[in-house]
Amino acid sequence: MEASVGSAKLKLLQGDITEQGTDAIVNAANSSLMGGGGVDGAIHRKGGAQILEECRLIRRSLPDGLPTGDAVATTGGRLRAKKVIHTVGPVWSGGNNGEPEMLERAYRNCLALALKMGIKTISFPSISTGAYEYPVEKASRVALRAVVDFLGENTGIEEVRFVLHSKHDLWIYEETLEGEKLRY
Ligand code: AR6
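Sequence order as written defines the numbering, with residues in each chain counted from 1. pLDDT decides what is reported in this predicted model: residues at 70 or higher carry local features, side-chain atom pairs at 80 or more are listed and counted, and totals for whole chains, interfaces and linings draw on all residues regardless. Note: side-chain values were computed over all heavy atoms of the structure, leaving out hydrogens and water.

**Student:** Give me the lowdown on the site of the ligand, citing residues and values where you can.
**Tutor:** Taken together, the neighbourhood of the ligand is formed by 23 residues, with Asn 30, Gly 37, Asp 40, Ser 128 and Gly 130 sitting nearest. In this structure, a nitrogen atom belonging to the ligand sits 2.9 Å away from a main-chain N or O atom of Ile 17. The separation between an oxygen atom of the ligand and a polar main-chain atom of Gly 37 is 2.7 Å. Out of a free accessible area of 710 Å², the ligand has 87% covered by protein chains. Every helix listed is a DSSP run of H or I at least four residues long, and every strand listed is a run of E at least two residues long, numbered separately from the N terminus. Among the secondary structure elements, those contributing two or more residues to the shell around the ligand are strand S3 (24-29) and helix H1 (38-47). Looking at the shell around the ligand element by element, the count peaks at 4 residues for H1. Summary of the distance rule: residues count as near a molecule or strand when at least one heavy atom falls within 4 Å of that molecule or strand. Between N or O atoms, a polar contact is any pair within 3.5 Å; within protein, one atom must be a potential hydrogen donor and the other a potential acceptor, and residues adjacent in sequence are included only when both atoms are from side chains. Calculation of accessible area relied on Shrake-Rupley with a 1.4 Å probe; when residues are assessed, cover is drawn exclusively from the protein chains displayed.

Below you can see the structure in the form of structure tokens.
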């Protein structure tokens, strides 16, 4: 599915984020920036050791790790994307502990960093909805709202893709984008 937001394109597709040829892809990392499972594992495996080396350098100035909702960039290593933007989504703990605000911050900070770096096209995974157990329907509303708002407020990013791993997740994101749940 594709939508226009101002002069930018918003695309929803099913696939593997590590295969995207956008200028940047976003990693749903953890605070350590030292890798993990899910998207994080796939990105480090396919992108190679250079990504982890740059993460180690970043950690020198962030001894306590990357705070939830913040974003940093490294090379894309051997990936098609030249850059990886690493962010940390919130761990779901019922929904009344600031999770929506933290998730929104993660998307916005990735986009703000991308804009600053001159990145025109970027792919996002569904941050926090795997190991961090954020319910996907709720997350889709926060994610799409954050991106639509950002694109409405800023020019420079030409395309944002959501790359959903499963057909089910794609369907949820499509329903949210189409439905009453997200007016814009
Ligand atoms: N392409 C696109 N989406 C994917 C891919 C892929 N290659 N692989 C998994 N997904 P998760 P989180 C989907 O767990 O919830 C890691 O261990 C997946 O099905 O990757 O933010 C980190 O190191 C799910 O829908 O991220 C952290 O410790 C979504 O991506 C922790 O997991 C996000 O799942 C972060 O958890």
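Now that the structure is up, let's keep going.
**Student:** Tell me what's going on with the side chain of Thr 121, and back it up with residues and numbers.
**Tutor:** Within the secondary structure, Thr 121 sits in strand S6 (residues 121-124). Taking relative accessible area as the criterion, Thr 121 reaches 17% and is therefore assigned buried. At a separation of 2.8 Å, a polar atom in the side chain of Thr 121 contacts the main-chain amide nitrogen of Asp 23. Exposure is judged per residue with a 1.4 Å probe applied to protein chains only, and the accessible area is read against the type maximum: over 50% gives exposed, under 20% gives buried, and values in between give partly exposed.

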